[in-house]
Amino acid sequence: MDHWRIPYLGQGHFPVDLTEFEFSTFFSFSPSERELIANRRTDRYRLGFALHLGFLRMTGRTLDACKQVPAAVWKHLCAQLDIDPPDIGTLRSLYDNRANTLLDHQHLAYQTLGFSVLTEHRRRYLVRWIKETLTGRPGIPALLDQVKVWLYEHRILIPNVRTLRRIVKEAVQAHEATLVDLVVEFFGKECLEKWDTALTAKNPEKGVVQRWLWAVPLRQSTGQIAELFEKIEYLRLLFASRHWPQDINEALVRHYAKSCANRPPSVSKRIYKPRRYLETACFLRYALCAATDQVLHMLRRWIVEITGEASRQVDSGRRDAHAALEELASSVKTLAVDTTLEIGALRQALIQLADNAMAWPVKTRRELVRLQLMMKSHRARPLLRKLVILHFQAENRHPVIDALGVLRDVYASDAGSELPPDTLLPKLSRSWRQSFDCDDRAQALRAFEWATLFSLRIGLRNGTVFIDHSFGFRSRSTLLIPEADWRAKCNHYYGHLKLPQDPKIFVSRIVEHIDVGLERLAEAVQAGKVTVDGRGVHLPPLGPDEENADVQALRTALFVNRPVGQLPTILLDIDSQIRFSWLLLGREPHSRKELLLVYAAILAHGTSMSAADLSRMVPELSAEAIRQMMKMLSDERQLQQASSAILDFMHRHPIAAHWGRSDLASSDMMSLETTRTVWQARADPRRRTASVGVYTHVRDRWGIFYDQPILLKERQAGAAIEGILRQTRQADVAQLAVDTHGYTDFAMAVAKCLQFDLCPRLAHMRDRQLYVPLDHLVPAELESVVAGDIDIDAIAASYDEFVRLVASIQSGQCSAVQALQRYGSASSGYSVYAAGVSIGRLLRTVFLIDYFTNPAFRRELQHALNRGEAIHVVQRAIHVGKVPTELAKRPDRLSAVSSSLALLTNAVLAWNTHHMQHAADAIESMTGDTLLPDDLRRIAPTALEGINLRGTFDFPIDDYAMRLLPSTKRVSAFMAQGIFTA
């Protein structure tokens, strides 16, 4: 269902101010409906029945007799049915107290539209659906709206709000009772009481335990890592690290932990005890998993940083080999041209030069870096002493697990600073092994420690080493559909993905495309359109788009009469069109102040202003009230739903259809500056500031349709795929343009199996090779750029497991980000990864051939990526400054920042689009000519001239109250304005 329709569901009265679009959507009738309307006895009853049909289509419920009907509705219906407008204002006067006729019309209306009443059997089915919804996506503030949508889509009449609230309350209570029973059975009341007491206790050094456990690291440092280890040890002593019931999934754990953390411990004591048991258990589980994830992420980053530090120290003291060679050659040349030297002296000088050259260090740079790291073992050993306590696991025997066991025994022994000579060592990295066998056993231990750290880092990244109490470092098996389910339902999954079960058929289709493409590329080479040599494939550069004077004149005409925009006015204007504030709250705002709080919370998240800054701009709002609303709206799903509603409104304008293809999109990352104290911050290589990343998906027709926060300096391919999968309308995206960071060969294969193409603009495009299967024939012109090393038999051997991974991503068993992290370059050597890379290379060959031979396709992708960059310009204009520390530290708050910024960006684009459409309609009306689509395509809705995005904010809510706060206006006030008839 379209987002803009949701606020109307379940309403028992007419909205005050329907737009023309809404009139045409709800109160336009099909031929069969017109025939039923015409069969009524009188014009008055025809009008009444048509009114019931439209109202039921709009709200999903029947209209009561006592409700007032706006005059605009009567006018529209009379024009539709060719009936004279009646001199009435309510249904009571329309039916003249004929209750049976009213009931007949209501009954016929919901029968005509296929609706039926909510029976007991359907009520039980609805309760089961609510429970399933709570299991997968708990804590949806707009759950009532979700129930209304479900009822409407199942063509069941929506009952009154009180009945709906009772049904939802019963379902939630039954669901929580089941979870409470599970927790009590699993852990026992005695353990839960102990946890409850510990959570509210006060530590002399740390303060209240609940707040201490919920706090995030202050910065990236070994001191903060030690603090996290202290939390893990505290929770381990409480036995919170024991096995967790699988029926309480990660989403439930996060929801109930957040509920507990958002209340002071003193308030939690007043919560009903069974519910408190559930919240306490989930809070401790979340605290343990979050602390484990944080410490392992920080450990991986610490290893990278200390390795970089050792590399810089080696480079600063290492002699430049090229400079030394030049110096030697210069010295030899000087001796050769010196005619005063006797032959003996010359020989002696040459021997000295040779001895000096041979005295240069023979160790490689990597060996020197390893030696430098071993000198820093005093910094690594304290971390390892804590790491060996964690219960790392592997699905099969793994050398890292054995190495951690060896270190655990060494640290526990008396000789804790030396590696015993008779120790049986696991096979770690070859580059470190020679250091294990040296006579200096203290040196051997230092080398073994660093080898363990590096191997652990790789094992955690590819998922071969995991830990149970973690969200981000779970085993690979938990990311995949269970083996038994896959064997039982693999036909269903293959059918859903539209993939053949025979791998040879799948690969042969790709190879057929490659053969046709190679012939086309060879023809282009012969025609001189493409050049191929030993250095790669060379293309003539695309010329810039020619600037057209007519386009510039049209751009000026479209924006010349656009009013000066203030950000608050833009929000109100767009909100009055689609009521995104209702979507965020799950209902109509109760008051003007609550509506202001919604806008303030969006601005506090989406701009660099704090709650205190906004409270000074809007004196009637306190900073504390704004912070409370920010917590209420911190669920990125609500914000993304509201942003999608704005995007749908924008694309309803006819002008948007001329901007580009509906099935093409692009994605890219933008960095937002924050403070260096944020532990997730990374240095932006361009701006050289501590930053966090925001990854946005942009349609070719403009507008952000998905957003998510990511870490800088990480591969973005998983985020690119995730955005297409989790957006609400993924079926209409056929191609996604990305840059080099949003692409890997493995990701290209995953995307294709998910029914869309990843189209990368690769760095060093001319150096990219084309790939074909082993012993495959290729045109002679292309032999220098084609590698025939794809093993189809190897793909076939791992094809089923690869499809299982893809099906797991699509079904939500794991996210694309998690899957691509596990199957990245650290998984080299594993068959599934190798098969995915081989498929991806074949698909990349198909893409590159199209890229090389089709200039229009190449230009289209470039335009799509340019749209993403233009969107980033708008976002940077809205978000000026740094992301506040309190918003950047937690992933959920950072998600709210990303989604709020996307909402504000879409609001500006939609406001521009709305005024551009009015201007275009006026131009066509005056000239009588239709504007050229090619001209409109080159005019973007990203103009910021004349829009004030900063300054003192003033919200003229009274100008939009009829649409945004209809229930707060008195009917008498409306009648005084002539909106209702007497």
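Residues numbered from 1 in each chain as written. Predicted model: local features only at pLDDT ≥ 70, side-chain atom pairs only at ≥ 80, totals over all residues. Heavy atoms only, no water.

A.B. asks: Can you tell me about the overall build of the protein, naming the residues and giving the values?
C.D. replies: In terms of regular secondary structure, the protein is built from 43 helices and 14 strands. What you see for the protein is a C-alpha radius of gyration of 34 Å, in line with the 30 Å of a compact globule of 982 residues. For the protein, the spread of C-alpha atoms along the principal axes amounts to about 130 × 80 × 60 Å. Counting all 982 residues of the protein, 52% fall into the buried class. Excluding contacts between residues fewer than 6 apart, the proportion of contacts in the protein whose partners are at least 24 apart in sequence is 75%. For the protein, the accessible surface area stands at approximately 44900 Å², while carbon and sulfur atoms represent 51% of it. (Helix = DSSP H or I, 4+ residues; strand = E, 2+ residues; numbered from the N terminus. Rg over C-alpha atoms; globule rule 2.2 N^0.38 Å. Buried < 20%, exposed > 50% of the residue type's maximum accessible area, 1.4 Å probe, protein only. Contact = heavy atoms within 4.5 Å. Areas by Shrake-Rupley, 256 points an atom, 1.4 Å probe, with all protein chains shown as cover.)

A.B. asks: Tell me about the domain arrangement of the protein, and please be specific about residues and values.
C.D. replies: In terms of domains, the protein is made up of domain 1 (3-113), domain 2 (120-183), domain 3 (188-303), domain 4 (373-475), domain 5 (564-586 + 593-603 + 623-628 + 952-981) and domain 6 (658-891). Each of domain 1 and domain 3 has a C-alpha centre, and the two are 55 Å apart. (Domains from an automatic or database assignment.)

A.B. asks: Give me unusual backbone geometry: which residues, what numbers.
C.D. replies: You will see that F239, though not glycine, has its phi angle at about 65 degrees, which is positive. Assignment of secondary structure puts F239 in the loop between α12 (222-237) and α13 (250-261). On the basis of relative accessibility, which here comes to 48%, the residue F239 falls in the partly exposed class. The backbone of D775 sits at a positive phi, close to 60 degrees, despite the residue not being glycine.

A.B. asks: I'd love a proper account of helix α34 (residues 745-753), names of residues and values included.
C.D. replies: Of all nine residues that make up α34, eight are buried, and the element is covered over most of its length. All of the buried residues in α34 are D745, F746, A747, M748, A749, V750, A751 and C753. At the exit of α34 stands Q755, carrying a positive phi of roughly 75 degrees.

A.B. asks: Describe the state of the cysteines, and please don't skip the residues or the numbers.
C.D. replies: Using the criterion set out here, one finds zero disulfides in the structure. Here C289 stays free of any disulfide, with the sulfur of C282 as its closest cysteine sulfur at 11 Å. Left unpaired, C759 is separated from the closest cysteine sulfur, that of C753, by 15 Å. (Disulfide = S-S within 2.5 Å.)

A.B. asks: An account of the nonpolar core is needed here, citing residue identities and associated values.
C.D. replies: Grouped together as the largest cluster of nonpolar side chains are 143 residues, with contacts concentrated most on F14, L51, I130, L558, I574, F580 and F955. With 16 residues, the single largest contributor to this core is helix α40 (residues 891-927). Once residues within four sequence positions are removed from consideration, I130 is found in contact with L143, V147, I167, V168 and A171. Residues L725, L758, A787 and V832 belong to the second largest nonpolar core, which totals 90 residues. (Core = buried A, V, L, I, M, F, W, Y, C linked by side-chain atoms within 4.5 Å.)

A.B. asks: Summarise the packing of helix α27 (residues 567-578) against helix α32 (residues 636-651); cite the residues concerned and give the values.
C.D. replies: To describe two helices that pack against each other, one gives the angle between their axes and the distance between the axes. One way to put it is that α27 packs onto α32 with a least axis distance of 10 Å and a crossing angle of 85 degrees. Classified by the angle between their axes, α27 and α32 sit roughly perpendicular to one another. Between α27 and α32, the contacting residues are I574, Q577 and I578 on the first element and A645, I646 and F649 on the second. Residue composition of the contact of α27 with α32, grouped by class: five nonpolar, one polar and no charged. (Axes fitted to C-alpha atoms, helices over the stretch in contact; angles between N-to-C directions. Parallel < 35°, antiparallel > 145°, perpendicular 65-115°, else oblique. Nonpolar A, V, L, I, M, F, W, Y, C, P; charged D, E, K, R; others polar.)

A.B. asks: I'd love a proper account of the packing of aromatic side chains, names of residues and values included.
C.D. replies: Scanning the entire structure with this criterion turns up 27 aromatic pairs. Aromatic side chains F506 and Y799 sit 5.5 Å apart centroid to centroid with 40 degrees between the ring planes, which places their arrangement in the tilted category. With a gap of 293 residues between them, F506 in helix α25 (residues 503-526) and Y799 in helix α35 (residues 792-811) connect regions that are remote in the sequence. A relative accessible area of 7% means that F506 is categorised as buried. By relative accessible area, which is 1% here, Y799 ends up buried. Every member of this aromatic cluster is reached through a ring pair, and the members are W486, Y493, Y494, F506 and Y799. In this structure, R254 is placed above the aromatic ring of F471, and the distance from its NZ or CZ to the ring centre is 4.3 Å. Sitting over the ring of Y823, R476 keeps its end group 4.7 Å from the ring centre. (Phe/Tyr/Trp six-rings, centres within 6.5 Å; stacked < 30°, edge-to-face > 60°. Lys NZ or Arg CZ within 6 Å of the ring centre and 35° of its normal.)

A.B. asks: Any chance you could break down the side chain of Q210 for me, citing the residues and the numbers?
C.D. replies: With respect to the helices and strands, Q210 occurs in helix α11 (residues 209-214). Looking at Q210, the relative accessible area reads 2%, which means it is buried. Here the side chain of Q210 touches C260 through a polar contact of 3.1 Å, landing on its backbone oxygen. With residues near it in sequence (within four places) discarded, Q210 still touches L199, C260, A261, R263, P265, S268 and F283. (Polar contact = N/O pair within 3.5 Å; in protein donor to acceptor, adjacent residues only side chain to side chain.)

A.B. asks: Which residues make up the confidence of the model for the protein, and what values do they have?
C.D. replies: Confidence in the prediction of the protein, expressed as mean pLDDT, is 86, and 96% of residues score 70 or more. The model gives residues 970-982 a pLDDT under 50, and that stretch makes 23 contacts with residues more than four places away or in other chains. (pLDDT = per-residue confidence, 0-100.)

A.B. asks: Explain the environment of L371 residue by residue, including any values.
C.D. replies: By secondary structure assignment, the location of L371 is in helix α18 (residues 365-374). Each C-alpha atom, one on L371 and one on Q443, is 9.8 Å from the other, the two residues being 72 residues apart in sequence. In this structure, L371 is in contact with K363 and Q443, ignoring residues within four places of it in sequence.

A.B. asks: Give a description of the pairing of strand β6 (residues 664-673) that names residues and reports values.
C.D. replies: With nine of 10 residues buried, β6 lies mostly within the body of the structure. Bridge count for β6 against strand β10 (residues 735-739) is three bridges, and the pairing is parallel. From the neighbouring strand, S666 faces β10, where its bridge partner is A737. As paired elements, β6 and strand β8 (residues 690-699) share nine bridges and run antiparallel to each other. Within the sheet, the bridge partner assigned to M670 lies in β8 and is V694. (Pairing = 2+ DSSP bridges.)

A.B. asks: How would you explain the pattern of salt bridges if you had to name every residue and give the values?
C.D. replies: Enumeration according to the criterion identifies 42 salt bridges in this entry. The partner of E22 in a salt bridge is R963, with the nearest N and O atoms 3.2 Å apart. Of this pair, E22 sits in helix α1 (residues 20-26) while R963 sits in helix α42 (residues 961-964), and the two are 941 residues apart along the sequence. Accessibility assignment for this pair places E22 and R963 in one class, buried. Measuring nitrogen to oxygen at the nearest pair gives 3.1 Å for the salt bridge that ties E170 to R123. Remark: R123 occurs in helix α7 (residues 120-136) and E170 occurs in helix α9 (residues 161-187); sequence separation between them is 47 residues. Residue class for E170 comes out partly exposed when judged on its relative accessible area of 36%. Overall, R123 belongs to the partly exposed group, its relative accessible area being 23%. (Salt bridge = Lys/Arg side-chain N within 4 Å of Asp/Glu carboxyl O.)

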